[in-house]
Amino acid sequence: MLVAVACVPTYNERENLEPMVRALGAVLPVGGRVLVIDDSSPDGTGEIADRLAAELPWMEVLHRSRKEGLGRAYVDGFRHALASGADLVLQIDCDFSHDPSDVPRLIAAVEAGADLALGSRYVAGGGTANWGLVRRLISRCGSVYTQALLMPIHDATGGFKCFRRRVLEEIDLDRVDAAGYVFQIETTYRAVRKGFRVVEVPIHFTDRTAGQSKMSRAIVLEAIWKVPRLRVATLRRHL
Ligand SMILES: Nc1nc2c(ncn2[C@@H]2O[C@H](COP(=O)(O)OP(=O)(O)OP(=O)(O)O)[C@@H](O)[C@H]2O)c(=O)[nH]1
Ligand SMILES: [Mg+2]
């Protein structure tokens, strides 16, 4: 049986954390673990995580001293998961935009031969619910822009994924400097460039009902300039 570790980055997710951790515990395969990566959330999420970790033997917490963006939190989380022996490393947001009950389908896609399974809103059977027009536009434009410049992936900005261990070992996490959601694009692109098999699994994405989005103009701007930079790195054969 493969050991799956679900990495859950948190920043001010006090209402969502406990239900998410318990929901993951219910769907992960035997031996699966949950790793919460908290960036010293001012709302006390880190303390809730410590209380849960004391109760649940299959859960642990990585505390980071400051908020440096989703990408930095994930890189630290991935390293920790690999060091602890994970065969499969999952990513899932803590806001219930990603449905924990879809986790087994992502894992099944990897067990069926994929190296990286992406939860995808923009393939047949996938979609978004309760998202405003602006958010839908930003997300769609992000994927179209990425398709034009980098790779034929329908939903390149999503953050619900399952990596086979060897993908994370080979994509050179040290060189991933993305902070915001371009991190999702960059890790998938590095996997594609290394020749790994990437598949998209249809998911329904729902807007959060508790807590606040950390989406910002800076995150969009970072994606706008870093996507072409990845293309340039490819042309220079650095990628
Ligand atoms: N550790 C850590 N977690 C973060 C950081 N920024 C966001 N998160 C978490 O990452 C997940 C996704 O963040 P969201 O605020 O939902 O941002 P998003 O999903 O890009 O934006 P929405 O689509 O509006 O929800 C959530 O679990 C957040 O709590 C960060 O800087 N550090
Ligand atoms: Mg979200």
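Before reading on, note that the structure itself is shown above.
These figures come from a predicted structure and were not determined experimentally. (Residues numbered from 1 in each chain as written. Chains lettered and ligands numbered in written order. Predicted model: local features only at pLDDT ≥ 70, side-chain atom pairs only at ≥ 80, totals over all residues. Heavy atoms only, no water.)

Draft legend 1. Examining the pairing of strand β3 (residues 59-63) more closely. Looking at chain direction, strand β2 (residues 33-38) and β3 are connected through 5 bridges and run parallel. Residue pairing across strands places aspartate 38 opposite histidine 63, the latter belonging to β3. With helix α2 (residues 45-55) bridging β2 and its parallel neighbour β3, the resulting β-α-β unit is right-handed. (Pairing = 2+ DSSP bridges. Helix = DSSP H or I, 4+ residues; strand = E, 2+ residues; numbered from the N terminus. Right-handed = clockwise from strand over helix to strand, strands pointing away.)

Draft legend 2. Geometry of helix α1 (residues 14-27). Those residues of α1 that fall on the buried side of the exposure criterion are Asn16, Leu17, Met20, Val21 and Leu24. Buried positions in α1, seen along its axis, are confined to an arc of 125° and lie on one side of it. Lining the buried residues of α1 we find β1 (4-10), β2, α2, β3 and α4 (103-111). (Buried < 20%, exposed > 50% of the residue type's maximum accessible area, 1.4 Å probe, protein only. Arc of directions from axis to C-beta. Contact = heavy atoms within 4.5 Å.)

Draft legend 3. Just the packing of aromatic side chains, in detail. Taken as a whole and judged by the stated rule, the model has 5 aromatic pairs. In this arrangement the basic side chain of arginine 121 is found over the ring face of phenylalanine 205, its NZ or CZ atom lying 4.9 Å from the centre. (Phe/Tyr/Trp six-rings, centres within 6.5 Å; stacked < 30°, edge-to-face > 60°. Lys NZ or Arg CZ within 6 Å of the ring centre and 35° of its normal.)

Draft legend 4. Inspection of the pairing of strand β8 (residues 198-202) at higher detail. The buried fraction of β8 amounts to 4 of the 5 residues, a majority that puts the element mostly inside the structure. Pairing of strand β5 (residues 116-120) with β8 involves 5 bridges; the strand directions are parallel. Bridging across to β8, leucine 116 finds its partner in valine 198.

Draft legend 5. Fine view of helix α7 (residues 182-193). Over its 12 residues, α7 extends 16 Å from the first C-alpha to the last, a length consistent with the 16 Å expected when each residue adds 1.5 Å. Most of α7 is tucked away: 10 of the 12 residues are buried. Phi for glycine 195, located one or two positions after α7, is positive at around 85°. (Expected span 1.5 Å × (residues − 1).)

Draft legend 6. Here's a closer look at the pattern of salt bridges. Applying the stated rule across the entire model yields 20 salt bridges. Of the charged contacts in the structure, one is a salt bridge between aspartate 115 and arginine 164, with a shortest N-O distance of 3.4 Å. With aspartate 115 in the loop between α4 and β5 and arginine 164 in strand β7 (residues 161-164), the pair connects residues that are 49 residues apart, well separated along the chain. Residues glutamate 169 and arginine 165 are paired through a salt bridge, measuring 2.7 Å at the closest nitrogen-oxygen approach. Taken together, the residues glutamate 169 and arginine 165, both in helix α6 (residues 165-170) and 4 residues apart, mark about one turn of the helix. For glutamate 169, a relative accessible area of 47% puts it in the partly exposed group. Salt bridges sharing partners connect three or more residues here, namely Asp39, Arg64, Arg66, Glu68 and Asp76. (Salt bridge = Lys/Arg side-chain N within 4 Å of Asp/Glu carboxyl O.)

Draft legend 7. Structural context of the sheet that holds β7. Strand order in this open sheet of 7 strands is β3-β2-β1-β4-β7-β5-β8, and the pairing throughout is mixed. Looking at strand neighbours, the two that pair on one side only are β3 and β8, the edges of this open sheet. Sheet twist, expressed as the mean angle between neighbouring strand axes with direction ignored, is 20°. In this sheet, β7 lies alongside strand β4 (residues 88-91) in antiparallel orientation, the contact comprising 4 bridges. Its bridge partner lying in β7, leucine 88 is registered against arginine 164. Sheet strands in contact with α2 are β1, β2 and β3, and its direction is about 150° off that of β3. (Axes fitted to C-alpha atoms, helices over the stretch in contact; angles between N-to-C directions.)

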